Amino acid sequence: MPSSLSSFATRPLTLWNSLSNPINKKLNPYILINGKFRFTMPDLMPPINSLYAGRSVFITGGTGFVGKVVIEKFLRDVPDIDQIFVLFRPGKNATAAQRWAHFSKALIFNRVRAENPKSLEKVVPVDGDISLDNFGMSEAHLKLVLENTSVVLHCAATVRFNEPLRQAIDLNLKGTDRMIKLCKKMPKLECFLHCSTCYVNADKEGAIEEKLYEPACDPHKLIEASEWMSEEMLEGITSSVTKKYFNTYTFTKHITEELVRRDCSSLPTLIFRPAVCASIWKDGIPGWADAFQGMTANAAGFGTGTIPRKPANPANVLDGVPVDAVSSMMIACAAYRMHLAAKGVE
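Quantities reported herein were computed from a predicted structural model and do not represent experimental measurements. (Residues numbered from 1 in each chain as written. Predicted model: local features only at pLDDT ≥ 70, side-chain atom pairs only at ≥ 80, totals over all residues. Heavy atoms only, no water.)

Chemist: For unusual backbone geometry, give the residues involved together with the corresponding values.
Modeler: Residue Asn134 is not a glycine yet carries a positive backbone phi of 55 degrees. With respect to the secondary-structure elements, Asn134 resides in the loop between strand S6 (123–127) and helix H6 (139–148). Despite not being glycine, Phe246 has its phi angle at roughly 75 degrees, a positive value. (Helix = DSSP H or I, 4+ residues; strand = E, 2+ residues; numbered from the N terminus.)

Chemist: Describe in detail the pairing of S6, supporting the description with residues and values.
Modeler: Counting buried positions along S6 gives four out of five residues, so the element sits mostly inside the fold. Bridging between strand S5 (residues 84–88) and S6 involves five bridges; their strand directions are parallel. By the bridge assignment, Leu87 is partnered in S6 with Val126. (Buried < 20%, exposed > 50% of the residue type's maximum accessible area, 1.4 Å probe, protein only. Pairing = 2+ DSSP bridges.)

Chemist: With reference to specific residues and values, describe helix H7 (residues 165–183).
Modeler: Because the α-helix completes a turn every 3.6 residues, residues three or four places apart line up on one side. The end-to-end C-alpha separation of H7 is 26 Å, in line with the 27 Å expected for 19 residues at 1.5 Å each. Along H7, 16 of the 19 residues are buried, which leaves the element largely enclosed by surrounding structure. (Expected span 1.5 Å × (residues − 1).)

Chemist: Requested: an account of the packing of aromatic side chains, with residues and values cited.
Modeler: Scanning all chains against the criterion turns up nine aromatic pairs. The interplanar angle of 45 degrees and the centroid separation of 5.7 Å between the aromatic rings of Trp100 and Phe103 together place this pair among those described as tilted. Of the two residues, Trp100 and Phe103 both sit in helix H4 (residues 96–103), three residues apart, roughly one turn of that helix. Under the relative-accessibility criterion, Trp100 is labelled buried at 8%. (Phe/Tyr/Trp six-rings, centres within 6.5 Å; stacked < 30°, edge-to-face > 60°.)

Chemist: Talk me through the side chain of Asn172; I want residue IDs and the actual numbers.
Modeler: Looking at the element boundaries, Asn172 is found in helix H7. For Asn172, a relative accessible area of 2% puts it in the buried group.

Chemist: Describe in detail the pairing of S5, supporting the description with residues and values.
Modeler: Of all five residues in S5, five are buried, a share of seventy percent or more. Neither face of S5 is exposed, since Ile84, Val86 and Phe88 on one face and Phe85 and Leu87 on the opposite face are all buried. Sheet topology places strand S4 (residues 56–60) next to S5; three bridges connect them, and they run parallel. Along S5, the bridge assignment pairs Val57 with Ile84.

Everything listed here is a matter of geometry and, on its own, says nothing about what the molecule does.
In structure tokens:
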């Protein structure tokens, strides 16, 4: 792994809580995790707001579940941030600006509108599509984003488990490739955060370490193959990889991490691996979710009695994490990567 690449998991949250708590004047660099003392980051970084002060962030996937909470968290708790460029795929009859005007009225932004409505002006909606070179941005938007971005949070992806392989490669793998190419043109870049998933190593059994394992294939060769292979050939590959990775989502996310490892040696990069995101825990609107699907749908089903029982092994861990914890950790990890860059750690 190149020295510029850092990998952070959303667990254990106690690590970040212990580091960010101002009460900890004499922080013990060792904390207890799963019955064992582990070494933590001993040099406390400055307040997160001060690291983002005067800097601009470029977010892809901002209209997704996690993206919405990230934007709201920035607007509410990082007051000195300069601008937040958010990529919006234009609708049939709506521009990015029109989509943001509608989007900003959502329930999740109620507190921001009530307490600091002017902060909503920090969001700069950008027309674009991750399936296009330069994300299909206009020359004006491209110039604005490239010249002013200090932090990139790349969250855009298809999360459909049954997405056809060609489409999953185009959005998850090639979309990240396009993002990396843009990052290399950003003179102010201090952090490129690639949002992955903790299931990238779903083919492994037993204890799975927090590291990059050997990839199933070369990411660049997979991209090339997807451009000339027939649907029948890709279906054959899909049948093979889903036996190990269960779906095209985890497979393409796995290969994308290898792309990041190979192509980001010159960038201040980190890979962020959240688990299944559940509704808001306590930071924002407790219980909020933008749609009844996944873990939220299951919780609603159990709570209402619609789903009376579900076969499960009680010894297994339910791998879920509240979306507010994920968004806060994403912002904090990117801040720490900026802190490392400021110290000259590549």
